[in-house]
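Working through the structure, step by step
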Amino acid sequence: MLLTLLATVLLVDREDPAPALGAGSAVAEPAAGSSPPDAGPEAAPDTAPDAGADEARPRTTLPHGGRTVFGGNRFLVAYYGTAGTGALGVLGEDRPAVMHRRLVRAAAPFAGRGRPVQPVYELIVTIADAHPGPDGEYHHDLARREVQRYIDAAHRHGALVLLDLQPGHADFLTVARRWAWALRDPYVGLALDPEWRMPGGEVPGRVIGHVRADEVNRTSAWLSRLVARHDLPQKLFVLHQFRGDMLPDLEHVRARRGLVMVQHADGFGTRSQKLASYRAIARPRQFTMGWKLFYDEDVDRMGAAAVRRVRPHVRFVSFQ
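Here the structure is a predicted model, which is why all the values come from computation and not from measurement.

A look at unusual backbone geometry
In this chain, arginine 311 is followed by proline 312 through a cis amide linkage whose omega measures 0 degrees. If you trace the backbone, proline 312 turns up in the loop between helix H7 (304–309) and strand E9 (316–319). Of note in this structure, tyrosine 138 is not a glycine but carries a positive phi near 60 degrees. Along the chain, tyrosine 138 falls in the loop between strand E2 (117–128) and strand E3 (139–141). The backbone of aspartate 231 sits at a positive phi, close to 50 degrees, despite the residue not being glycine. Relative to the helices and strands, aspartate 231 is located in the loop between helix H5 (213–229) and strand E6 (235–241). Judged by its relative accessible area of 33%, aspartate 231 falls in the partly exposed class.

As structure tokens, this is what we get:
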């Protein structure tokens, strides 16, 4: 089922205070040695090395201090949406600091002995539109300053950021390259949403889109090279899916060095409907598995205990 499109997103540039988290929070503080986000002017092309790179500088890490996303048997829990509006998901209902506190509460039931929780902000940064726009591509990009606010908040609170792409008529690699400045940050990963990758001439919201493995592989190869070039820790690389024809040759999607490949099942409905669609598409030998929970569309929404019983095992849950 298609989501209602928001042709123009209200972007409000607000100050985001950074209150300290209380003791016992499920969130780890950012590790020493993590790179600060790029808050300056547009960085050099991703094909160029960092200017003035110092070979002796510490290697960058993820919020928990390691270099692998699921290290320490971590379980990822995300809020999904875009900045300035709750119409596309819960993440945009309030400023990042407020939503982080809500995310920590939502994530807590998924933690267990030997299973810490890692919070994630899944931020839609390229948003599909029902109108072509000035470039004819049926999408628009979130303002850079808004994306930076979430990256800054992630560094304050020990969260990951996942940039979600809804490319409309553009290809994923072309759009992903525009976000190279953000993807150079060690906390930032990438998600592709084939529902909004439109076949020729179609309008987002009228049909469900799809993408072929070749385009996914070109995008993941580019991101893998960026990780290697900048000696970054492992990055999330997420493919959203709820029908087989959204990724018709999924078996040809390749694993990439430096990326953790996640197949994220986005179906909503009753528990039995969600399980049926999940089992129809799941490829646990090829991917780490993800699962989406909908606040409004799910019927008898699953709790953490029910999600942990899902087979194949789920390691990443997002709330929309």
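Okay, back to it.
Notes on the packing of helix H1 (residues 96–107) against helix H2 (residues 144–157)
Describing two packed helices takes the angle between their axes plus the distance from one axis to the other. Where H1 meets H2, the axes come as close as 10 Å, and the angle between the chain directions of the two elements is 50 degrees. Comparing the axis directions of H1 and H2 gives the class oblique. Crossing geometry of H1 relative to H2 is assigned as right-handed. Contacts between H1 and H2 pair Pro96, Ala97 and His100 from the former with Arg149, Tyr150, Ala153 and His157 from the latter.

Procedures and definitions
Residues numbered from 1 in each chain as written. Predicted model: local features only at pLDDT ≥ 70, side-chain atom pairs only at ≥ 80, totals over all residues. Heavy atoms only, no water. Helix = DSSP H or I, 4+ residues; strand = E, 2+ residues; numbered from the N terminus. Buried < 20%, exposed > 50% of the residue type's maximum accessible area, 1.4 Å probe, protein only. Axes fitted to C-alpha atoms, helices over the stretch in contact; angles between N-to-C directions. Parallel < 35°, antiparallel > 145°, perpendicular 65-115°, else oblique. Left-handed = near helix turned anticlockwise from the far one by under 90°. Contact = heavy atoms within 4.5 Å.

In short, the description is geometric, and any link to function would need to be established separately.
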